[in-house]
Protein chains: 2
Amino acid sequence: MTAFGRHEGTAIEELGREAIEAALTQSGLPLSEIDIIFCGHSLQGITAGQRVVSRVGSSGAPIINVENACASGSTAFAQAVMAVRGGMARAALAVGFEKMDRGPIAAAKRLDTGAAERPKGGPPVMPAMFAEVFKEHSLKYGTTVRQMAMVSAKNHGYAALNPKAHHRDEIGVEEVLNSRMIAEPLTLLMCCPTSTGAAAAVVTGADLARAGSKEPIEVAASVLQSERASAAGALHFVTEINTRAAKLAYSEAGIGPDRLDVVELHDCFAIAEICHYENLGLCERGEGGKFIEAGLSRIGGKTAVSTSGGLLAKGHPLGATGVAQVAEIVEQLRGESDRRQVPGAKIGLSHCQGFGGAVTVHIFSKTRTKGASAA
Amino acid sequence: MTAFGRHEGTAIEELGREAIEAALTQSGLPLSEIDIIFCGHSLQGITAGQRVVSRVGSSGAPIINVENACASGSTAFAQAVMAVRGGMARAALAVGFEKMDRGPIAAAKRLDTGAAERPKGGPPVMPAMFAEVFKEHSLKYGTTVRQMAMVSAKNHGYAALNPKAHHRDEIGVEEVLNSRMIAEPLTLLMCCPTSTGAAAAVVTGADLARAGSKEPIEVAASVLQSERASAAGALHFVTEINTRAAKLAYSEAGIGPDRLDVVELHDCFAIAEICHYENLGLCERGEGGKFIEAGLSRIGGKTAVSTSGGLLAKGHPLGATGVAQVAEIVEQLRGESDRRQVPGAKIGLSHCQGFGGAVTVHIFSKTRTKGASAA
């Protein structure tokens, strides 16, 4: 992945090129050996994937632009896995990228609700939705605003150790609580920033993967599920589809949540991370608030979560996020994560939720379990 | 496919629903039996596929929005074929749809050139590019403006027989020549209209396909190639990648161009159809103008081309086009095309070129040659 940040004045094609070249170098494969290319992005216009890939070269290989809102990058990765598993490609490239403006405007403008950025002077659409999620969760399980702030503080702490993160300041719980109110009770530092950046991954069969310059990491499960929000409420939507996708992934990998060493999940808002602890089975239903409070999602706890800094602090360039999560997990399993390394990490999971809706769950393993590998 | 046209006041979700329900009915499969869904569109915003599919129901099955400019629909179809061939899905659904405004604005606005609709008061971007293609082709091979007009007259004639076509008036060669000048020497009637519409196709293995209410048609080849325009000029770009994609498709199907009974090709402008006669091997290089003039691309000629009315007259809702081409070929091979039926049609081909760029070629057969089928 490239560094995430504002990148004002840098073209997305240039960031995409940087990510692709790094992935190809690690895989040991030139572009000419890539049989199919999936490009995930949401706001970059028609055939943006072709614009990006052409900066590296042209092989004629199929390029498919895929979009699934905040899960666009992970959908591209899932498609690359599908192409290799199905034998339609020996090597597939997944690229995710996004150039975003400041503030919620660019994304909200194109959300399918047709809602304006700040309907009738109220809060922006997505923070307002997650404020609802918090209220329902709090009412049902006693989750607190301070527990949300602890999530943000943890993730900002890890981002401070990640040279590629968008926001690299250590931030304390009080500072999170005292930051500007966005959608009661969500403060600014409980919301992910809009960011710009790119990431890429090469997926191949096991034999080809061993030719790379870096240790290949196995894809033990790849799940994509789609569903639109229902009338059953915001918390139901954030719960149901994610829980189902996680179960499918654990079943596919033959690996349960207790065996996970490191997890990148879709912490677009601090309450989302708390919900996803539960949805991914890292703790029991309703125990997410206690899970962060007890330090169980920290390095050295039960399961290290968002060691990259997560969407909250590493940043969230929509299409790049899902592939950047793969980069973090792969680096953790290779033992390359420096001061935020999870000691002895062997199994990892990445999870994205694109509103609109699509959920992806991928499980990665340091040891051989299946055929497809990400390098 | 739905009727193509302006459809003012009708939501794209409603048109998409109509197309999906028709495809499911023909396939004999309910939505719950579809393992994966690919939605092709270019201008419909974030997770438009989920919006459309939710009108039919929700099964949780993966939905992937794919975009490849004017080849978005055919890319969705190619992905559905890939999923079934690779054994990742027993049944896949490809949906293409687009709601477009009048005039070239909506598309040009988001083209990657950054060019305005009418740069410096000149002609619109795409017609100007194809005017260049004509000039090069004419200089090299003696192709005439009248031959282009013959293409438009032929396709409008077939559209008059197609109840689902956008423009259903019989139009003569003189009328084409005398219509408003868009980009010298291309007149209005040598350019495809912007249209609104939707189309859907179900792809399954052979066994499942036989359960449908209609005769299944085999997918004998599915090719997608990507390449950006080069400095070698407009004609080179329209020639090279299309010729290569067609050769790959013929090789995959083990079927040469001489065996084709019916072809839907990317006649976005009249000169494009002439070039694609050559690129697809329906005639020798440089003979495209003579091919139309001799009536060889008419029903009863050598190979019937654009019997639906083509992009020029049936219309061109970007994402819908590639799937609608499949609908036309499938209906022709089933003998359901009424007054525009190609007698005894057994083998057909569909071809799209998305500028930006992506080219797809699909070959279909009435008789069994391979595993995947479109119903």
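If you're wondering where the values come from, they're calculated on a predicted model, not measured in any experiment.

**Student:** What am I meant to see in the overall build of chain A here?
**Tutor:** From N to C terminus, chain A includes 13 helices and 12 strands. Here the C-alpha radius of gyration of chain A, 19 Å, is about what a compact globule of 375 residues would show, namely 21 Å. Seen through its C-alpha atoms, chain A measures out along the principal axes to roughly 55 × 40 × 40 Å. Looking at chain A residue by residue over its 375 residues, the buried ones come to 65%.

**Student:** For this particular structure, what's the right way to read the interface of chain B and chain A?
**Tutor:** By a widely used convention, the size of an interface equals the accessible area lost when the partners come together. Tallying the contact residues gives 40 residues for chain B and 40 residues for chain A. Taking both partners together, chain B and chain A bury about 3300 Å²; carbon and sulfur atoms supply 59% of that area. Where chain B touches chain A, the interface holds zero salt bridges. Joining chain B to chain A, the criterion identifies 17 residue pairs in polar contact (both at pLDDT 80 or more). Of all the elements in the fold, those that place two or more residues in the side of chain B that touches chain A are β1 (36–40), α2 (48–53), β2 (63–67), α3 (72–85) and β7 (217–226) of chain B. For the side of chain B that touches chain A, a count of residues per class yields 16 nonpolar, 16 polar and eight charged. Relative to β2(B), strand β2 (residues 63–67) of chain A is paired through three bridges, and the arrangement is antiparallel. When the bridges of β2(B) are listed, A:Asn65 appears paired with B:Glu67.

**Student:** Looking at this model, I keep getting lost on the confidence of the model for chain A. Mind explaining?
**Tutor:** Segments scoring low in pLDDT should not have their predicted coordinates read at a detailed level. Model confidence for chain A is summarised by a mean pLDDT of 92, while 92% of its residues fall at 70 or above. Scored below 50 in pLDDT, residues 105–118 of chain A makes 25 contacts in the model with residues more than four places away or belonging to other chains.

**Student:** Looking at this structure, how should I read the environment of B:Met126?
**Tutor:** Residues and elements named next belong to chain B. Counting through the fold element by element, Met 126 comes out in helix α5 (residues 125–141). A residue is classified by how much of its surface remains accessible, and Met 126, at 21% relative accessible area, is partly exposed. As for Met 126 and Ala 61, which are separated by 65 residues in sequence, their C-alpha atoms are 37 Å apart.

**Student:** Any chance you could explain the relation of the copies chain B and chain A here in plain terms?
**Tutor:** Here the two chain copies are tied together by a rotation about an axis and a shift along that axis. For these two chains of identical sequence, chain B goes onto chain A by a turn of 180° and a shift of 0.0 Å along the axis, with RMSD 0.0 Å. The superposition operator between the copies reduces to a two-fold rotation axis. Minimal C-alpha distance to the rotation axis in chain B is attained by B:Gly86, lying at 1.9 Å. The residues that chain B uses at the interface reappear at the interface of chain A in 100% of cases, marking a shared surface.

**Student:** What is the right way to read the pattern of salt bridges from this model?
**Tutor:** For side chains of opposite charge, pairing can occur when their charged atoms come near one another. For the structure shown, the criterion picks out 38 salt bridges over all chains. In this structure, A:Arg51 engages A:Glu13 in a salt bridge whose closest nitrogen and oxygen atoms are separated by 2.9 Å. Taken together, the residues span a long stretch of sequence, with A:Arg51 in helix α2 (residues 48–53) and A:Glu13 in helix α1 (residues 12–27) at a distance of 38 residues. Each of the two residues, A:Arg51 as well as A:Glu13, counts as buried. Measuring nitrogen to oxygen at the nearest pair gives 3.5 Å for the salt bridge that ties B:Arg244 to B:Glu227. Of the two residues, B:Arg244 is situated in helix α9 (residues 234–253) and B:Glu227 in the loop between β7 and α9; the sequence distance between them amounts to 17 residues. Taking the relative accessible area as the measure of exposure, B:Arg244 reaches 23% and is therefore partly exposed. Looking at B:Glu227, the relative accessible area reads 17%, which means it is buried. Linked through salt bridges whose partners overlap, the residues forming this network are A:Glu14, A:Arg17, A:Glu21 and A:Arg55.

**Student:** Please explain the side chain of B:Ser365 as it appears in this structure.
**Tutor:** Note on placement: B:Ser365 falls in strand β11 (residues 358–365). Residues contacting B:Ser365, with those up to four places away along its chain left out, are B:Ile217, B:Glu218, B:Leu333, B:Lys346 and B:Ile347.

**Student:** Hey, could you run me through the pairing of strand β10 (residues 347–354) of chain B in this one?
**Tutor:** For a regular strand, side chains alternate in direction, first toward one face of the sheet and then toward the other. All names here are of chain B. With respect to burial, β10 is a largely interior element, eight of its eight residues being buried. Taking every second residue as pointing to the same face, both faces of β10 are buried, with Ile 347, Leu 349, His 351 and Gln 353 on one and Gly 348, Ser 350, Cys 352 and Gly 354 on the other. Examined bridge by bridge, strand β8 (residues 262–264) and β10 share three bridges and lie parallel to one another. For Glu 264, the partnering residue across the bridge sits in β10 and is Ser 350. Relative to β11, β10 runs antiparallel, the two being bridged by eight bridges. What sits directly across from Cys 352, in β11, is Thr 360. Hairpin geometry of β10 and β11 is characterised by an intervening segment of three residues between the two adjacent antiparallel strands and by a positive phi of about 135° at Gly 356.

**Student:** Hey, could you run me through α5(B) in this one?
**Tutor:** Quick reminder: α-helices carry 3.6 residues per turn. Residues three or four places apart thus point the same way. Residues and elements named next belong to chain B. Helix length check: α5, at 17 residues, gives a terminal C-alpha distance of 24 Å against a target of 24 Å (1.5 Å per residue), a fit within 8%. Among all positions of α5, only Val 125, Pro 127, Phe 130, Ala 131, Val 133, Phe 134 and His 137 are buried. Buried residues along α5 sit in contact with α6 (145–159), β4 (181–183), β5 (186–187), α9 and α10 (270–279). Residue Gly 142 follows α5 closely and has a positive phi angle near 80°.

How each quantity is defined
Residues numbered from 1 in each chain as written. Chains lettered and ligands numbered in written order. Predicted model: local features only at pLDDT ≥ 70, side-chain atom pairs only at ≥ 80, totals over all residues. Heavy atoms only, no water. Helix = DSSP H or I, 4+ residues; strand = E, 2+ residues; numbered from the N terminus. Rg over C-alpha atoms; globule rule 2.2 N^0.38 Å. Buried < 20%, exposed > 50% of the residue type's maximum accessible area, 1.4 Å probe, protein only. Contact = heavy atoms within 4.5 Å. Buried area = accessible area lost by both parts, 1.4 Å probe. Salt bridge = Lys/Arg side-chain N within 4 Å of Asp/Glu carboxyl O. Polar contact = N/O pair within 3.5 Å; in protein donor to acceptor, adjacent residues only side chain to side chain. Nonpolar A, V, L, I, M, F, W, Y, C, P; charged D, E, K, R; others polar. Pairing = 2+ DSSP bridges. pLDDT = per-residue confidence, 0-100. Least-squares fit on C-alpha atoms with pLDDT ≥ 70 in both. Expected span 1.5 Å × (residues − 1).

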